[in-house]
Amino acid sequence: MPQASIQQIMTQASRALPANVTLKNPGSPGETYQRLPGASSVAASRGSLSLTDTVPRLSETTTRAVSQPAGETESLAMAIVRRSRVAQAGARVIPVELAPEPGSPTALWKRAGGFTIVSGANFTEGDDVSPLVAQGLPTSTEDIDLDLMGQYGVRFELSRRDYKDSFPGELDAKIINGIVYGIAELVDRVALARVAAALDALEGGGASFDLAGAAGKGLRFSELQALVGTAGAGAQVDNGNLQVSGVPAELTGEHAGTFVGAFDRLGIALMDDIRVLVERTRLDGGLAVTCWCDAMALLPDESFFWSVSA
């Protein structure tokens, strides 16, 4: 599992020619640089990170402590799951694999199709006199539609001092860890927005949460989790434990609402291609790092979730 790195892309960008400059007659006595009219004057380099890459760790020094256990390694995907509140509550993070490069031996390619939840089949009494009534499969599925995946980005401005005064690998680790933590927050924001929108679309905003309603869905109490948003609705603290209507809860800053549900019925598709663009923006060597990722929340059946208003 390779270690994620933006440093190489940054190095390439620091040495790259602007897009409007080309080398004319290379290797000859008449070798010269020529400007191309209408082209960008920005020098840039592109690359990508994979969810399977290892997150680089900041090293401790005598003047700096780092809140990461020594020797600990994890992939970008695992770091996102560890920091995401909805993932810790049970939601599934689904990497969406890229298609092979054009010209590869693979003739056909199918990406991950969707997120499916399976419920118990409804057994009823029946005999020759009272035959069984046919039912549909006890499943609910939402497909992963690449055209519907949201595109989200972030941009950092770095001065020459930012990377000249850094220890080897330090700036790289800071940027990638910041990206990973940000994607975890994005996962929560996208997922909770989808839950809220689905519940708002129900008549009356959906049923209020109570244990009878959860029991009616066939849920065990241990399957229930709550997330308390910035409005703090329904939050109670008992003996140092955060709860909503007696359900174990955690705080989130990614939505105002409070939600209770079986979060393992919620999925978040993430494209396994975190695109990175590094541009040389100033004459003094300053760089801009832009990162893009694609995400989509998957909620096959919103009836396993409830919003709490008080």
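Residues numbered from 1 in each chain as written. Predicted model: local features only at pLDDT ≥ 70, side-chain atom pairs only at ≥ 80, totals over all residues. Heavy atoms only, no water.

What follows is about the sheet that holds strand β16 (residues 305-308). The strand order across the open sheet built from 6 strands is β9-β10-β11-β8-β12-β16, with neighbouring strands paired in mixed fashion. Each edge of the open sheet carries a strand with a single partner, namely β9 (235-238) and β16. Strand-to-strand, the axes of this sheet are offset by a mean angle of 35°, without reference to chain direction. In this structure, strand β12 (residues 258-261) lies alongside β16, joined through 4 bridges in antiparallel fashion. Considered in β16, the bridge of Thr 258 is made with Val 308. (Pairing = 2+ DSSP bridges. Helix = DSSP H or I, 4+ residues; strand = E, 2+ residues; numbered from the N terminus. Axes fitted to C-alpha atoms, helices over the stretch in contact; angles between N-to-C directions.)

Next up on the list: the pairing of β12. Alternating residues of β12 divide into Thr 258 and Val 260 and Phe 259 and Gly 261, and every residue in both groups is buried. Sheet topology places strand β8 (residues 225-228) next to β12; 4 bridges connect them, and they run antiparallel. Along β12, the bridge assignment pairs Gln 225 with Gly 261. (Buried < 20%, exposed > 50% of the residue type's maximum accessible area, 1.4 Å probe, protein only.)

Looking now at the packing of aromatic side chains. Within the structure shown, the criterion is met by 2 aromatic pairs. Pairing Phe 209 with Trp 306 gives two aromatic rings, centres 5.4 Å apart and planes at 65°, and the pair type is edge-to-face. Of the two residues, Phe 209 sits in the loop between α5 (170-201) and α6 (211-216) while Trp 306 sits in strand β16, which places them 97 residues apart along the sequence. Judged by relative accessible area, which is 5%, Trp 306 ranks as buried. Ring centres of Phe 263 and Phe 305 lie 5.1 Å apart, and the angle between their planes is 90°; on these two criteria the pair is classed as edge-to-face. Here the residue Phe 263 occupies a position in the loop between β12 and β13 (267-271), and Phe 305 occupies one in strand β16, the gap between them amounting to 42 residues. Each member of the pair, Phe 263 as well as Phe 305, carries the same accessibility label: buried. (Phe/Tyr/Trp six-rings, centres within 6.5 Å; stacked < 30°, edge-to-face > 60°.)

It is worth spelling out the environment of Gln 12 at this point. Turning to its location among the elements, Gln 12 is positioned in helix α1 (residues 7-15). Exposure remark for Gln 12: the relative accessible area of 40% places this residue in the partly exposed category. When the C-alpha atoms of Gln 12 and Ala 43 are compared, they prove to be 9.5 Å apart, with 31 residues separating the residues in sequence.

As a further point, take the pattern of salt bridges. Across all of its chains, the model carries 11 salt bridges by this definition. With its nearest N and O atoms 2.8 Å apart, the salt bridge here joins Arg 155 to Glu 279. Of this pair, Arg 155 sits in strand β7 (residues 150-158) while Glu 279 sits in strand β14 (residues 274-280), placing them 124 residues apart in sequence. Arg 265 is paired through a salt bridge with Glu 223; the nearest N and O atoms lie 2.7 Å apart. Residue Arg 265 is located in the loop between β12 and β13, and its partner Glu 223 is located in the loop between α6 and β8; the two are separated by 42 residues in the primary sequence. Using a relative accessible area of 14% as the deciding quantity, one classes Arg 265 as buried. Overlapping salt bridges bring together Arg 57, Glu 74 and Arg 82 as one network. (Salt bridge = Lys/Arg side-chain N within 4 Å of Asp/Glu carboxyl O.)

Our focus in this paragraph is the side chain of Asp 53. As for its position among the elements, Asp 53 is in the loop between β3 (43-49) and α2 (76-83). Arg 275 provides the closest opposite charge to the buried, salt-bridge-free Asp 53, at an N-O distance of 13 Å. Among the polar contacts listed, one links the side chain of Asp 53 to the backbone nitrogen of Ser 50, at a separation of 2.9 Å. (Lys, Arg positive; Asp, Glu negative; His and termini not counted. Polar contact = N/O pair within 3.5 Å; in protein donor to acceptor, adjacent residues only side chain to side chain.)

Grouped together as the largest cluster of nonpolar side chains are 75 residues, with contacts concentrated most on Ile 6, Met 10, Val 86 and Val 278. The leading source of residues in this core is α5, at 16 residues. The contacts of Ile 6, once residues within four sequence positions are left out, are Leu 49, Asp 172, Ile 175, Ile 176, Ile 179, Val 276 and Val 278. (Core = buried A, V, L, I, M, F, W, Y, C linked by side-chain atoms within 4.5 Å. Contact = heavy atoms within 4.5 Å.)

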